Amino acid sequence: MSSESKCAEKNEISKPAKILYIINSFQGYHYKGGGAQTQLGLILKSMTDNLPDKFSKTVLVTKAPDVGNRSVTYPDKTTTIIGSSTTYELVHNFLLAASSHHILHFATSFFSNPYKLLGATNIFHNKPSVMLLSSNDEIEKLKKPKTSLIIRAIKNISVFVSQSEELTDQALSVGIPRSKIRLVNNVVDTDYFTPLNNESRIAKRQKLFPNLGKDKLIYIYSGRVSEKGKNVRELIEEWIKEGLYKDGNKLILAGPLETIIPSQEGNELFGEYGNDSLCENNSYGIYWTGFIPQEEIKNLLQVSDVFVSASTNEGFSNSCLEAASTGLICIAREGTPGNSKIIV
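This text gives an overview of the structure that appears in the document. All values derive from a computational prediction rather than experimental measurement.

## A few points about the nonpolar core
Okay, step 1: The biggest cluster of nonpolar side chains holds 30 residues, and the ones touching the most others in it are Phe94, Leu104, Phe106, Phe111, Leu117, Met131 and Phe160.
Okay, step 2: Secondary-structure elements contributing two or more residues to this core are strand S1 (17–25), helix H3 (87–98), strand S5 (103–107), helix H4 (114–123), strand S6 (129–133), helix H6 (148–156) and helix H7 (165–173).
Okay, step 3: Contact partners of phenylalanine 94, with chain neighbours within four places excluded, come to Leu20, Ile22, Leu60, Leu104, Ala120, Ile123 and Phe124.
Okay, step 4: In this structure, Ile220, Ile252, Cys320 and Ile342 belong to the second largest nonpolar core, which totals 21 residues.

Structure (structure tokens):
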């Protein structure tokens, strides 16, 4: 069946919809960075005019340290991770799951492995397949001379979901047909991520940070604490270099650790890795939360003053949207896709 035929039948997706997601590596059981639930909605919105009331995702992965070759389901039941120790196990798990899922989803990084991409789309040939264009770095790799396998892989994928105009332009420049690109911007619940009145904000801030002076500023980064793409190490180094902590200001890093920062400074900054409670671990005024649920991220945003991000790898930053919706001043890297649409 052609990709056009798949798209023509997009309104026939069953409810509840089940997405089968194949990814090379996964940061583990606690990782939900990048707005996993929002991501599911974006994918489905690109495929159907009537968004299903319920949907879930099964993640097939070969590199998940916290999972191994087990099956782990998130407490909210929206995501199940099935780990595989080898490629053979991954293929086996894919064959078992293919018949019970409605949409096949790939990470952008799968362009670097066209054999897996082609094999999976061929097996899933009578159902729609989607690639979420969430990484400008991965799209850039397609500017290299394309093999026949990559050309066939692009042809096999039904829909490419772009999160910003910049990513759409990038996708067109590497040969992805405009007819296959769906622009679906990230959205946030502005009733949930909303500023507090001054009295409530002072009370909540005093409760969370009883030793912080009223005239001190709280800077916050929310998302994966990672060097690759997110450039959190660079953010930390700039914080220390500028001496912003010397006046008693605080920097909150709200998110799970993806890459252990290999330096003495990193060890001092983060204390014991794996600590999932909000605590001050160092003399630089930096708080690292570890993985925390969305409710706690909202609470931290509501008492913070400035959102900061050094990320170069975004589609349309969910974290920046949440911060802007909560009324924070947002500082992010110029040129990163989506930032110019959020920060004016």
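## A look at the pattern of salt bridges
Okay, step 1: What the rule picks out here adds up to six salt bridges.
Okay, step 2: For glutamate 237, the salt bridge identified is with arginine 233, shortest N-O distance 3.1 Å. Of this pair, glutamate 237 and arginine 233 both sit in helix H9 (residues 232–242), four residues apart, which is roughly one turn of that helix.
Okay, step 3: The exposure class of glutamate 237 is partly exposed, given its relative accessible area of 35%.
Okay, step 4: With its nearest N and O atoms 3.5 Å apart, the salt bridge here joins lysine 298 to glutamate 295. With lysine 298 and glutamate 295 both in helix H11 (residues 294–303) and three residues apart, the pair spans about one turn of that helix.
Okay, step 5: What emerges from the salt-bridge pattern is a single network uniting Arg201, Arg205 and Asp305.

## Examining the pairing of S6
Okay, step 1: In terms of residue burial, S6 counts as a mostly covered element, since five of its five residues are buried.
Okay, step 2: The alternating pattern of S6 places Ser129, Met131 and Leu133 on one face and Val130 and Leu132 on the opposite face, and all of these are buried.
Okay, step 3: Here S5 pairs with S6 via four bridges, running parallel. Of the residues in S6, the one forming a bridge with alanine 107 is leucine 132.
Okay, step 4: Handedness of the crossover joining S5 and S6 through H4 is recorded here as right-handed.
Okay, step 5: With four bridges joining them, S6 and strand S7 (residues 159–162) adopt parallel strand pairing. Within the sheet, the bridge partner assigned to valine 130 lies in S7 and is valine 159.

## Points about unusual backbone geometry
Okay, step 1: Residues other than glycine seldom take positive phi values, yet asparagine 231 does so here, at roughly 55°.
Okay, step 2: Under the relative-accessibility criterion, asparagine 231 is labelled buried at 16%.

## What to know about the packing of aromatic side chains
Okay, step 1: Evaluation of the coordinates by the stated rule reveals five aromatic pairs.
Okay, step 2: Between tyrosine 192 and phenylalanine 193 the ring centres are 5.1 Å apart and the planes differ by 80°, which places this aromatic pair in the edge-to-face class.
Okay, step 3: Tyrosine 192 gets classed as partly exposed once you look at its relative accessible area, which sits at 23%.
Okay, step 4: Ring geometry for tyrosine 245 against tyrosine 284: centres 5.2 Å apart, planes inclined by 85°, an arrangement best described as edge-to-face. Of this pair, tyrosine 245 sits in the loop between H9 and strand S10 (250–254) while tyrosine 284 sits in the loop between strand S11 (279–280) and strand S12 (286–288), placing them 39 residues apart in sequence. The residues tyrosine 245 and tyrosine 284 share a single accessibility class, namely buried.
Okay, step 5: Note that lysine 127 overlies the ring of phenylalanine 124, its terminal NZ or CZ placed 5.3 Å from the centroid.
Okay, step 6: Looking at lysine 298, its charged tip hangs above the ring of tyrosine 192, at a distance of 4.4 Å from the centre.

## A look at the environment of asparagine 318
Okay, step 1: You can see asparagine 318 is positioned in helix H12 (residues 318–325).
Okay, step 2: Overall, asparagine 318 belongs to the buried group, its relative accessible area being 11%.
Okay, step 3: Sequence separation between asparagine 318 and glycine 223 is 95 residues; the distance between their C-alpha atoms is 9.0 Å.

## As for the environment of phenylalanine 209
Okay, step 1: Structurally, phenylalanine 209 is set in the loop between helix H8 (198–208) and strand S9 (218–222).
Okay, step 2: Judged by relative accessible area, phenylalanine 209 falls into the buried class, the value being 3%.
Okay, step 3: Sequence separation between phenylalanine 209 and valine 303 is 94 residues, and the spatial gap between their C-alpha atoms is 9.3 Å.

## Quick word on the side chain of threonine 80
Okay, step 1: Within the secondary structure, threonine 80 is located in strand S4 (residues 79–83).
Okay, step 2: Excluding its chain neighbours within four sequence positions, the residues that come into contact with threonine 80 are Lys57, Thr58, Val59, Ser71, Val72 and Thr73.

## Digging into the state of the cysteines
Okay, step 1: Enumeration over the complete set of coordinates arrives at zero disulfides.
Okay, step 2: Free cysteine: cysteine 320, not disulfide-bonded; nearest cysteine sulfur from cysteine 330 at 4.2 Å.

Conventions adopted
Residues numbered from 1 in each chain as written. Predicted model: local features only at pLDDT ≥ 70, side-chain atom pairs only at ≥ 80, totals over all residues. Heavy atoms only, no water. Core = buried A, V, L, I, M, F, W, Y, C linked by side-chain atoms within 4.5 Å. Buried < 20%, exposed > 50% of the residue type's maximum accessible area, 1.4 Å probe, protein only. Helix = DSSP H or I, 4+ residues; strand = E, 2+ residues; numbered from the N terminus. Contact = heavy atoms within 4.5 Å. Salt bridge = Lys/Arg side-chain N within 4 Å of Asp/Glu carboxyl O. Pairing = 2+ DSSP bridges. Right-handed = clockwise from strand over helix to strand, strands pointing away. Phe/Tyr/Trp six-rings, centres within 6.5 Å; stacked < 30°, edge-to-face > 60°. Lys NZ or Arg CZ within 6 Å of the ring centre and 35° of its normal. Disulfide = S-S within 2.5 Å.

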